[in-house]
Amino acid sequence: MYQAPLFSTVMFVHLLHPPLQLSPKSTVLLPPTLSLGETFPFPPARSLIIRQTTSRQNQAAFVPGHKTLPNTHETSDQPTKMPVRVVPREDEHVYDDRQGVDFATAVSKCPATAERPQAVDIDTDIYKPSIARANLAPSTEQPEGSPEYIDALDLQNYTVLQQHCMFWDRDRDGVIWPKDTFTGFHELDFNLFFCFLATLVINLSFSYPTRLGVSYIPDPYFRLYLPSIHKAKHGSDSGTYDREGRFVPQAFEDMFSKWDARDKGALSAGELWNMIAANRLVADPFGWAAAIFEFGVTWLLVQQDGMVDKEDLRRIYDGSMFFKVRDAYRSEKGWNKGFGLREFFNLGREQLAKNQSKFPSLGGVVSQVEKTVTRKLRRA
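**Side note on the overall build of the protein chain**
What the protein chain contains, in helices and strands, is 13 helices and 9 strands. When the 380 residues of the protein chain are sorted by exposure, 39% land in the buried category. Entry remark: accessible area of the protein chain is about 22,600 Å², with carbon and sulfur atoms responsible for 57%.

**Brief notes about the pattern of salt bridges**
Going through the model one piece at a time under the given rule, you end up with 16 salt bridges. A salt bridge links Arg315 to Glu148; its shortest N-O distance comes to 3.8 Å. With Arg315 in helix 9 (residues 310-318) and Glu148 in helix 2 (residues 147-153), this pair connects stretches of sequence that are 167 residues apart. Judged by relative accessible area, Arg315 falls into the buried class, the value being 15%. When the shortest N-O distance is used, the salt bridge between Arg246 and Asp242 registers 2.7 Å.

**Overview of the environment of Met307**
The residue Met307 is located in strand 9 (residues 307-309) in this model. Once the C-alpha coordinates of Met307 and Gly270 are considered, the two residues, 37 residues apart in sequence, prove to be 9.5 Å apart. Each residue touching Met307, except ones within four places of it in the same chain, is listed here: Arg262, Lys264, Ala266, Leu267, Ser268, Trp299 and Val302.

**Here's the deal with the packing of aromatic side chains**
Going through the model one piece at a time under the given rule, you end up with 17 aromatic pairs. A centroid spacing of 5.9 Å and a plane angle of 85 degrees characterise the contact between Phe252 and Tyr317, whose relative ring orientation is edge-to-face. Pair noted here: Phe252 is in helix 6 (residues 249-259) and Tyr317 is in helix 9, with a separation of 65 residues, a long-range link. For the pair Phe252 and Tyr317, a shared accessibility class is recorded, and that class is buried. Three or more aromatic residues joined by ring pairs make a cluster, and in this case those are Tyr149, Phe167, Trp168, Phe185, Phe190, Phe194, Phe322 and Phe323. Its guanidinium or amino end placed over the ring of Trp177, Arg223 lies 4.7 Å from that ring's centre, counting from NZ or CZ. Directly above the ring of Phe256 sits Lys310, whose terminal nitrogen or CZ lies 5.6 Å from the centroid.

**As for unusual backbone geometry**
Phi angles above zero are rare outside glycine, and Lys128 is one such case at about 45 degrees. Mapped onto the fold, Lys128 is located in the loop between helix 1 (111-115) and helix 2. Judged by relative accessible area, Lys128 falls into the partly exposed class, the value being 45%.

**Section: the confidence of the model for the protein chain**
Taken as a whole, the protein chain shows an average pLDDT of 78; of its residues, 63% reach a score of 70 or greater. Ignoring residues within four places in sequence, the model shows residues 1-76, a span with pLDDT below 50, making 136 contacts including any to other chains. Confidence drops under a pLDDT of 50 for residues 79-95, and excluding neighbours within four residues, the segment shows 61 contacts in the predicted structure.

**Quick notes on the environment of Ala198**
Structurally, Ala198 can be placed in helix 5 (residues 192-211). Judged by its relative accessible area of 0%, Ala198 falls in the buried class. Placed 99 residues apart in sequence, Ala198 and Val297 show a C-alpha to C-alpha distance of 9.4 Å. In this structure, Ala198 is in contact with Thr181, Phe185 and Phe293, ignoring residues within four places of it in sequence.

**Regarding helix 8 (residues 285-302)**
Taking 1.5 Å per residue, 18 residues should reach 26 Å; helix 8 reaches 26 Å between its end C-alpha atoms and fits that length. Inspection of helix 8 places Gly287, Ala290, Ala291, Phe295, Val297, Thr298, Trp299, Leu301 and Val302 among the buried residues, and these make up the whole buried set.

**Some remarks on the environment of Pro138**
Here Pro138 shows up in the loop between helix 1 and helix 2. Residue classification places Pro138 among the buried residues on the basis of a relative accessible area of 2%. As for Pro138 and Phe247, which are separated by 109 residues in sequence, their C-alpha atoms are 8.3 Å apart.

**A short note on the side chain of Thr210**
Looking at where Thr210 falls in the secondary structure, it is placed in helix 5. For Thr210, a relative accessible area of 0% translates into the label buried. Side-chain polar atoms of Thr210 contact the backbone nitrogen of Tyr225, separated by 3.2 Å. For Thr210, the contacting residues outside a window of four places in its chain are Arg223, Leu224, Tyr225, Ser228, Ile229 and Ala232.

**Some details on the packing of helix 7 (residues 269-278) against helix 8**
Between helix 7 and helix 8, whose axes approach to 10 Å, the crossing angle comes to 160 degrees. In terms of axis orientation, helix 7 runs roughly antiparallel to helix 8. In this structure, helix 7 crosses over helix 8, and the sense of that crossing is right-handed. Taken together, the residues of helix 8 that come into contact with helix 7 (itself represented by Ala269, Leu272, Trp273, Met275 and Ile276) are Ala291, Ile292, Phe295 and Trp299. Considering only residue class, the contact of helix 7 with helix 8 consists of 9 nonpolar, no polar and no charged.

**Focus on the packing of helix 6 against helix 9**
In contact at an axis separation of 12 Å, helix 6 and helix 9 are set at 150 degrees when each is read in the N-to-C sense. In terms of axis orientation, helix 6 runs roughly antiparallel to helix 9. Crossing handedness for the pair helix 6 and helix 9: right-handed. Across from Phe252, Glu253, Met255 and Phe256 in helix 6, the residues of helix 9 making contact are Lys310, Leu313, Arg314 and Tyr317. Its residues assigned to classes, the contact of helix 6 with helix 9 shows 5 nonpolar, no polar and 3 charged.

Parameters at a glance
The residue numbers shown here count from 1 along each chain, following its written sequence. For a predicted model such as this one, the threshold for reporting local features is a pLDDT of at least 70, and the threshold for listing and counting side-chain atom pairs is 80 or more; totals across whole chains, interfaces and linings nevertheless cover every residue. Only hydrogens and water are set aside; all other atoms, that is, all heavy atoms of the structure, feed into the side-chain values. By the criteria applied, helices consist of DSSP H or I runs no shorter than four residues and strands consist of E runs no shorter than two, each listed in order from the N terminus. Burial classes follow relative accessibility: with a 1.4 Å probe on protein chains only, a residue under 20% of its type's maximum area counts as buried, one over 50% as exposed, and anything between as partly exposed. Only the protein chains shown count as covering a residue, and every accessible area follows the Shrake-Rupley method with a 1.4 Å probe. Should a side-chain nitrogen of Lys or Arg be within 4 Å of a carboxyl oxygen of Asp or Glu, the pair is scored as a salt bridge. The contact criterion used is simple: two residues touch if any of their non-hydrogen atoms lie within 4.5 Å. Only Phe, Tyr and Trp rings are paired, with Trp represented by its six-membered ring, and only when their centres lie within 6.5 Å; those with planes under 30 degrees apart are stacked, over 60 edge-to-face, the remainder tilted. For a lysine, the NZ atom is tested; for an arginine, the CZ atom; a charge sits over a ring if that atom is within 6 Å of the ring centre and within 35 degrees of the ring normal. Note: pLDDT gives the predictor's confidence per residue, expressed from 0 to 100. What a helix should span is 1.5 Å times the count of its residues minus one. In protein, a polar contact means a hydrogen-donor-capable atom and an acceptor-capable atom, both N or O and within 3.5 Å, with residues adjacent in sequence counting only if both atoms are side-chain atoms; elsewhere, any N or O pair within 3.5 Å suffices. Orientation is described by lines fitted to C-alpha atoms, with helices fitted over the stretch in contact, and by angles between N-to-C directions that extend from 0 to 180 degrees. Here the angle decides the label: under 35 degrees means roughly parallel, over 145 means roughly antiparallel, 65 to 115 means roughly perpendicular, and every other value means oblique. What makes a crossing left-handed is the near helix being turned counterclockwise from the far one by less than a right angle; a clockwise turn instead makes it right-handed. Only Asp, Glu, Lys and Arg are considered charged in this grouping, and only Ala, Val, Leu, Ile, Met, Phe, Trp, Tyr, Cys and Pro are considered nonpolar; every other residue, Gly among them, is considered polar.

Written out as structure tokens, the structure is:
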């Protein structure tokens, strides 16, 4: 008798001699071409599949209306074995109780798989979400992405990663100079120091990887080359961009399925930090720093009440949010999101009010500092 080892959840076995002994949690499935009681060919290549059941209900030995394989060699001194149920392949339904799929998405030996559930039902809104989109960034709320933005700027022939960078390509020549980076961040209402810092970080870090699409010689002007911008993709990221700069809807939806704790359609600063920490790869300090910088800038730009909205994050990925923010600042209404001077002074104000009796003079000091800084900035 040959007993097949279970190398994984599903494997093919060859039956050499009956009776077949299996794990109590295993299910033998017949192919559709064979009926119950029919003689198997020898050896029955691909005729049996062993699948470990994930549902507790399906771990029972008997199912009404189905036959079982008897254990003819079992004696009284042998431990009692669970009979193996034999059902037609098309009648088999083994469900993950938590996510409603016919295979396990979490296991007890790896708690992270249960703590970070995947988005498994998004195919009702997005067609084949695991296939990367070259020029669209869809979500369950926006299955068509941002068509008005793509049509207005004629971006059909650019990848989503290229669209993300298009805001900084001022003259649409496929090259982003350091001055383009500086001007772009300044139009997003970042202060001069941050614009200078962002220019150093981005152009110094990503110029040579994108230059490799043109030449092995480094660019003395530290320019970024848009046709090969996908070479600047770093590790320890969310995986929403693939290695060619396309957009992966499944990875984007997984961010919120895993880290949006209360299903609020937004991520807090703490949830973003937990995601960044979980995405860290071994020996990748550059990827860690790049992820912190990118999501940190995103939070500074679009946060509202401490949260980054899902739609705003999607528009960050396809670049349409940058144009929206710039146009808002150019209008009389202005941009009502992001983290600025007002939000800085509001940090801890609620806790300060609760402890006013303990620190009566602190509130006056904070108000005085706020007034002084605001007055000096206006003069500048």
